[in-house]
Amino acid sequence: HARCCVSCPCGVLQPDLSRCGGLTVGRQIADFAMRRQIECVPHAWLTDLLKAASLHLNAYLMQSVFLEYNVSSASLLNTLCKEPIRMENGYIPVPRGPGLGVEPDEKVIEKYFGQGCFTCPGMSMESIAFGAMMHGADPEAIVKELNELE
């Protein structure tokens, strides 16, 4: 992010916590943006879990402009948490429960991920494809790697 702002001045940095390294790196980007007087607008395009984490980054910001998030009705985006995150009177409240403040819906997670992650017995191509998308990985490379383990 620093090289980008030096070589090509920008007015907004949009950390995606699922890609930049999580809340710790997101805070570093936010601090960098504040020192450079650049807006910081978290990019939370995937799920309500990411939206919850990004709302916590927004709460950390000294001047929160807005949160960019996906408003599509795709079921997976909005059902990973037992209670969906919704706008109220033009604002999205920061979740206040333990951790990220939201409770993951275990039934939905099991449906899309099986009994766990890539190497679990409940794994399916559907869960590998989704997990790969969530981690920016190539699903075919994961399948190849798994086949080599056998």
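A few points on the structure. (Residues numbered from 1 in each chain as written. Predicted model: local features only at pLDDT ≥ 70, side-chain atom pairs only at ≥ 80, totals over all residues. Heavy atoms only, no water.)

**Quick look at the overall build of the protein**
In terms of regular secondary structure, the protein is built from 8 helices and 4 strands. Its helices and strands in sequence order give the protein the pattern α-β-α-α-β-β-α-β-α-α-α-α, from N to C terminus. Expressed as a percentage of its 150 residues, the buried residues of the protein come to 35%. Here the protein displays about 9700 Å² of accessible surface, and carbon together with sulfur accounts for 55% of that area. (Helix = DSSP H or I, 4+ residues; strand = E, 2+ residues; numbered from the N terminus. Buried < 20%, exposed > 50% of the residue type's maximum accessible area, 1.4 Å probe, protein only. Areas by Shrake-Rupley, 256 points an atom, 1.4 Å probe, with all protein chains shown as cover.)

**Remarks on the nonpolar core**
Leu13 and Ile85 are the most contacted members of the largest nonpolar core, which totals 22 residues. Every element with two or more residues in this core is listed here: helix H3 (22-35) and helix H4 (48-60). Among the elements that take part in this core, H4 stands out by supplying 5 residues, more than any other. (Core = buried A, V, L, I, M, F, W, Y, C linked by side-chain atoms within 4.5 Å.)

**Re the pattern of salt bridges**
A side chain of one charge can pair with a side chain of the opposite charge if their charged atoms are brought near each other. Tallied over the entire structure, the rule returns 3 salt bridges. Of the charged contacts in the structure, one is a salt bridge between Lys51 and Asp48, with a shortest N-O distance of 3.1 Å. Of the two residues, Lys51 and Asp48 both sit in helix H4, 3 residues apart, roughly one turn of that helix. Comparing Lys51 with Asp48 shows no difference in burial state: the two are buried. Ionic pairing is found between Lys82 and Glu103, a salt bridge with its closest N-O pair at 3.1 Å. Of this pair, Lys82 sits in the loop between helix H5 (75-79) and helix H6 (106-113) while Glu103 sits in the loop between H5 and H6, and the two are 21 residues apart along the sequence. (Salt bridge = Lys/Arg side-chain N within 4 Å of Asp/Glu carboxyl O.)

**Side note on unusual backbone geometry**
Excluding glycine, residues mostly carry a negative phi; peptide bonds, for their part, are mostly trans. The backbone phi angle of Gln37 is positive, close to 55°, even though this residue is not glycine. Following the sequence through the fold, Gln37 ends up in the loop between H3 and strand S2 (39-40). One non-glycine residue with positive phi stands out, namely Asn89, at about 55°.

**As for H4**
The terminal C-alpha atoms of H4 lie 18 Å apart, and with 13 residues this matches the ideal 18 Å at 1.5 Å per residue to within 8%. Within H4, burial applies to Asp48, Leu50, Lys51, Ala52, Ala53, Ser54, Leu55, Leu57 and Asn58. Its side-chain oxygen at 3.2 Å from the backbone nitrogen of Leu49, Thr47 defines the N-terminal cap of H4. (Expected span 1.5 Å × (residues − 1). Polar contact = N/O pair within 3.5 Å; in protein donor to acceptor, adjacent residues only side chain to side chain.)

**Let's talk about the side chain of Lys51**
Overall, Lys51 belongs to the buried group, its relative accessible area being 4%. If we skip the residues at most four places from it in the chain, Lys51 touches Ala44, Leu67, Tyr69 and Ile85. (Contact = heavy atoms within 4.5 Å.)

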